[in-house]
Amino acid sequence: MSNPSLLILPGDGIGQEVMAEVRRVIDWFGAKRDLQFDVSEDLVGGAAYDKHGVPLHDDTMAKAQEVDAVLLGAVGGPKYDDLDFSVKPERGLLRLRKEMDLFANLRPAQCFDALADFSSLKPELVAGLDIMIVRELTSGVYFGEPRGIHMEDNMRVGVNTQRYTEAEIERGARAAFELAMKRDKKLCSMEKANVMESGILWRDVVTEVHADYPEVELSHMYADNGAMQLVRAPKQFDVIYTDNLFGDILSDCAAMLTGSLGMLPSASLGSPMENGRPKAMYEPVHGSAPDITGQGKANPIACILSFAMALRYSFDQGEEATRLESAIEKVLADGVRTGDLLSDENSTAVSTSGMTDAILAALDASL
Ligand code: NAD
């Protein structure tokens, strides 16, 4: 049987730096756990624009459709800020999500005990926090038509349309219920059914899908209340399912409860392929961080945790994913810190590669 395939797209800025560290982790699993991947690498974002004049070449898109999983670093940077909208680095990312039809975006918000003091909330509110936000990713107001800016009565009018079909709501709901079944069997669906028809349909469809998952305790919440509850008492949630726009905001909010952007992984999943694996792309939540690019300051953990999610959700290697997460937990408990993480007199400041050195040593110690 051939090895599972992995397409690596480092992208721009610190995307390239953190991905170099992930490759060391992948090599460790090859050498020490006999987990072999067919790894290929290509360009996305500004790096692809520089070479091809587009943020994602058609050949790269075709490759992404064939592999078992894509691992992406980050795209963008000031150099590309003035480009036409159609070729901005982010368009490469959006094209991947759209054409791979990655409709379920998984954003864990997990608080490592060693970092509980780093949260903007009181440590007791976040210690042990483990939430998974499932955001619908391919529809809603970011894609709905009509859209644009036009003139009306001599005035500019900006238009975007929130639009959801029941099929779109349903497939995301199934992904969220499936996940809830593997976790604490608790799902909270968030929308604005009080003021939006798309929210009423959302609530109806999620309730209908619930009939297939009677073991899961389902609740509904207006998204604005959800935002409030997330900062008031986040541990009341396990899995949250919400739309593209609310999910964008709520997942950033939940994520920051746990500390630095440099710690946050994500997965975007689509329908199962012929081999049963879902189409999948894994990426850290952070961007290309131009302010620290090239200085060895980037925290590689978000990208390494994204690979851990790939191990779990694409490669059926849940135990190895846990091994990797535990190694990271140990390193943090030992006080190893990149500059974005809170440090004290007991901690050791390390560079991007120094963090990976420590994680690899903890992995060695786990054998
Ligand atoms: P950013 O996430 O790049 O950076 C925000 C802040 O967090 C910066 O101070 C940065 O130094 C810090 N930071 C981010 N990741 C870090 C890490 N791993 N380790 C240590 N510190 C880290 O967001 P931004 O500054 O708003 O955007 C910069 C560029 O990235 C823009 O071009 C933006 O469009 C792009 N962007 C891309 C993505 C993506 O590729 N998914 C996401 C967000 C932003």
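On a predicted model such as this, the values are computed, not experimentally measured, just so you know.

J.: Would you mind going over the overall build of the protein chain with me for this structure?
T.: Looking only at helices and strands, the protein chain features 12 helices and 14 strands. Whereas a compact globule of 367 residues would reach a radius of gyration of roughly 21 Å, the protein chain reaches 20 Å, a difference of no more than 12%. Principal-axis analysis of the C-alpha atoms places the extent of the protein chain at approximately 60 × 50 × 45 Å. Scored against the burial criterion, the 367 residues of the protein chain give a buried share of 52%. Long-range pairs, those at least 24 residues apart, make up 74% of the contacts in the protein chain between residues at least 6 apart in sequence. With an accessible surface of roughly 16300 Å², the protein chain has 50% of that area assigned to carbon and sulfur atoms. Across the protein chain, 35 positive and 58 negative side-chain charges occur, with their mean positions spaced 1 Å apart.

J.: Which parts of the structure should I look at to understand helix α7 (residues 197-210)?
T.: What sets the pattern is the α-helix's 3.6 residues per turn: residues three or four places apart point alike. Between its terminal C-alpha atoms α7 stretches 20 Å, which fits the 20 Å expected from 14 residues at 1.5 Å a residue. Along α7, the residues classified as buried are Ser198, Gly199, Trp202, Val205, Val206 and Val209. An end-on view of α7 places all buried positions within 130° of arc, on one side of the element. Facing away from the buried side of α7, by more than 90 degrees, are the exposed residues Glu197 and Glu208. On its buried face, α7 sits against β5 (130-136), α6 (166-182), β8 (186-191), β9 (217-222) and β10 (239-242).

Definitions and limits used
- Residues numbered from 1 in each chain as written.
- Predicted model: local features only at pLDDT ≥ 70, side-chain atom pairs only at ≥ 80, totals over all residues.
- Heavy atoms only, no water.
- Helix = DSSP H or I, 4+ residues; strand = E, 2+ residues; numbered from the N terminus.
- Rg over C-alpha atoms; globule rule 2.2 N^0.38 Å.
- Buried < 20%, exposed > 50% of the residue type's maximum accessible area, 1.4 Å probe, protein only.
- Contact = heavy atoms within 4.5 Å.
- Areas by Shrake-Rupley, 256 points an atom, 1.4 Å probe, with all protein chains shown as cover.
- Lys, Arg positive; Asp, Glu negative; His and termini not counted.
- Charge placed at Lys NZ, Arg CZ, Asp CG, Glu CD.
- Expected span 1.5 Å × (residues − 1).
- Arc of directions from axis to C-beta.

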